Amino acid sequence: MIIAANWKMNPPLADAGQLVSAYTQTNFDGVQRVLFPPHPYLVHMAMRLEGSGILLGGQDCHQSAAGAFTGDVAAGMLRECGASMVLLGHSERRAGHGESDELVAAKASAALEAGLSTMICIGESLDERERGRAEEVVSRQLDKSLPDGVPADRLVIAYEPVWAIGTGKVASETEIGAMHQSVSRQLAELGLGGVPILYGGSVKPDNAASILAIDDVGGALVGGASLKADDFAAICAAAELAV
Ligand code: 13P
């Protein structure tokens, strides 16, 4: 089970220090935790996480190794700051920064080249789900967002229906089960069987156990609830029971 905390553009640095301290005071058997803090906090977080077993990741990277790209961050820089993973293709980047599947794949290639593992996000919009196109959209995103030759042991997929992110709405167990089964089948066809598939979108302490019990759900990518130490710990405890 992988439980990942995506802090997005939160919280203030002083609160981040307290939050990460609380993370490191807990331990969950069989649960790999990953923290994706804002980029300026990486070095600070790397020091705080040392010896905790919690992995550190960046929330994005550029597709080039270096160059004149003001405001961007290279995968190798994330690695130098203590990250071992990078989150790519989050729907907030696809929507807010116009990131295409092809760009996500190029960023993933750069990340692999720099020695990072990749967590690639896919997920349909509400309109796509209502029109019965969810599986087709997600399947196309998966196909096009993966870089050539990605090794299975450096890939994690996060299925995050866009309409469930930060809304309090969660996909039903049937919807999650069907999508994870379809993604799992597609990964197996690509020679990537066994790659963990996380669910994301309003995962909270009160729904974590039932979501994590669904077949082909290998963990959760948690936004809002990861900003509260007790809520994140409760989700990790549910994962420990689901292992
Ligand atoms: P919420 O858990 O706040 O819905 O966010 C999910 C998410 O986008 C994690 O990447």
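Description of the structure in this document. The residue numbering used here restarts from 1 in each chain and proceeds along that chain's sequence as written. A pLDDT threshold of at least 70 governs which residues receive local features in this predicted model, and a stricter bar of 80 or more applies before side-chain atom pairs are shown or counted, although totals over entire chains, interfaces and linings include all residues. Water and hydrogen atoms were dropped before computing side-chain values, which therefore reflect all heavy atoms in the structure.

Looking now at the overall build of the chain. Counting secondary structure elements, the chain contains ten helices and eight strands. Radius of gyration (C-alpha) of the chain: 17 Å, near the 18 Å computed for a compact globule of 243 residues. Projected onto its principal axes, the C-alpha coordinates of the chain cover approximately 45 × 45 × 30 Å. Each residue's exposure class comes from its accessible area (1.4 Å probe, protein chains only) as a fraction of the maximum for that residue type: buried when under 20%, exposed when over 50%, partly exposed otherwise. Evaluated residue by residue, the chain yields a buried proportion of 49% over its 243 residues. Two residues qualify as a contact provided that any one of their heavy atoms is within 4.5 Å of a heavy atom in the partner residue. Put simply, of all contacts in the chain between residues at least 6 apart along the chain, 71% involve residues at least 24 apart. Entry remark: accessible area of the chain is about 10,600 Å², with carbon and sulfur atoms responsible for 50%. For helices the rule is a DSSP run of H or I covering at least 4 residues; for strands it is a run of E covering at least 2, with both sets numbered from the N terminus onward. To get the radius of gyration, use the C-alpha atoms; to get the globule rule, take the number of residues to the power 0.38 and multiply by 2.2 Å. Working definition of accessibility: Shrake-Rupley area with a 1.4 Å probe, residue cover restricted to the visible protein chains.

All right, on to the pattern of salt bridges then. When a carboxyl oxygen of Asp or Glu is within 4 Å of a side-chain nitrogen of Lys or Arg, the pair counts as a salt bridge. Taken as a whole and judged by the stated rule, the model has ten salt bridges. Salt-bridge contacts for arginine 93 lead to glutamate 99; the nearest nitrogen and oxygen are separated by 2.8 Å. Among the residues examined, arginine 93 registers a relative accessible area of 22% and is labelled partly exposed. For glutamate 99, a relative accessible area of 6% gives the class buried. One salt-bridge network, held together by shared partners, links Asp60, Arg93, Glu99 and Lys107.

What follows deals with the environment of leucine 190. Residue placement: leucine 190 occurs in the loop between α8 (173-189) and β7 (197-200). Taking relative accessible area as the criterion, leucine 190 reaches 41% and is therefore assigned partly exposed.

A separate point is the packing of helix α9 (residues 205-212) against helix α10 (residues 229-242). Angles shown run from 0 to 180 degrees and are taken between the N-to-C directions of axes, each axis being a line fitted to C-alpha atoms and, for helices, limited to the stretch in contact. It is at 9 Å that the axes of α9 and α10 come closest, and there the two elements cross at 20°. By the angle between their directions, the pair α9 and α10 is classed as roughly parallel. In this structure, the crossing between α9 and α10 has a hand that is right-handed. Packed against α9, whose contacting residues are Pro205, Ala208, Ala209 and Leu212, the element α10 presents Asp231, Ala234, Ile235, Ala238, Ala239 and Ala242 at the interface. By residue class, the composition of the contact of α9 with α10 is nine nonpolar, no polar and one charged. Any angle that is under 35 degrees is reported as roughly parallel, and any over 145 degrees as roughly antiparallel; angles of 65 to 115 degrees are reported as roughly perpendicular and all others as oblique. Crossings are assigned a handedness: left-handed for a near helix turned anticlockwise from the far helix by less than a right angle, right-handed for a clockwise turn. Throughout this entry, Asp, Glu, Lys and Arg are counted as charged residues, while Ala, Val, Leu, Ile, Met, Phe, Trp, Tyr, Cys and Pro are counted as nonpolar. The remaining residues, Gly among them, count as polar.

Turning to the environment of methionine 85, a few remarks are in order. As for its placement among the helices and strands, methionine 85 is situated in strand β4 (residues 85-88). Between the C-alpha atom of methionine 85 and that of aspartate 60, which follows or precedes it by 25 residues, the distance is 9.7 Å. Setting aside chain neighbours within four positions, we find methionine 85 in contact with Val34, Phe36, Leu56, Gly57, Gly58, Leu116, Ser117, Thr118, Met119 and Val156.

What follows deals with the state of the cysteines. Disulfide assignment relies on a single distance test, namely cysteine sulfur atoms paired within 2.5 Å. Taken as a whole, this structure holds zero disulfides when the rule is applied. As a non-bridged cysteine, cysteine 236 has cysteine 121 as the owner of its nearest cysteine sulfur, 18 Å distant.

Once that is clear, we can look at α8. Take the residue count of a helix, subtract one, and multiply by 1.5 Å to get its expected span. End to end, α8 covers 24 Å across 17 residues, agreeing with the expected 24 Å (1.5 Å per residue, within 8%). Within the span of α8, buried status applies to Ile176, Gly177, Met179, His180, Ser182, Val183, Gln186 and Leu187. Of the surrounding secondary structure, the elements contacted by the buried residues of α8 are β5 (117-122), α6 (126-130), α7 (134-145), β6 (155-159), β7 and α9. Once α8 ends, the next one or two residues include glycine 191, with phi positive near 80°.

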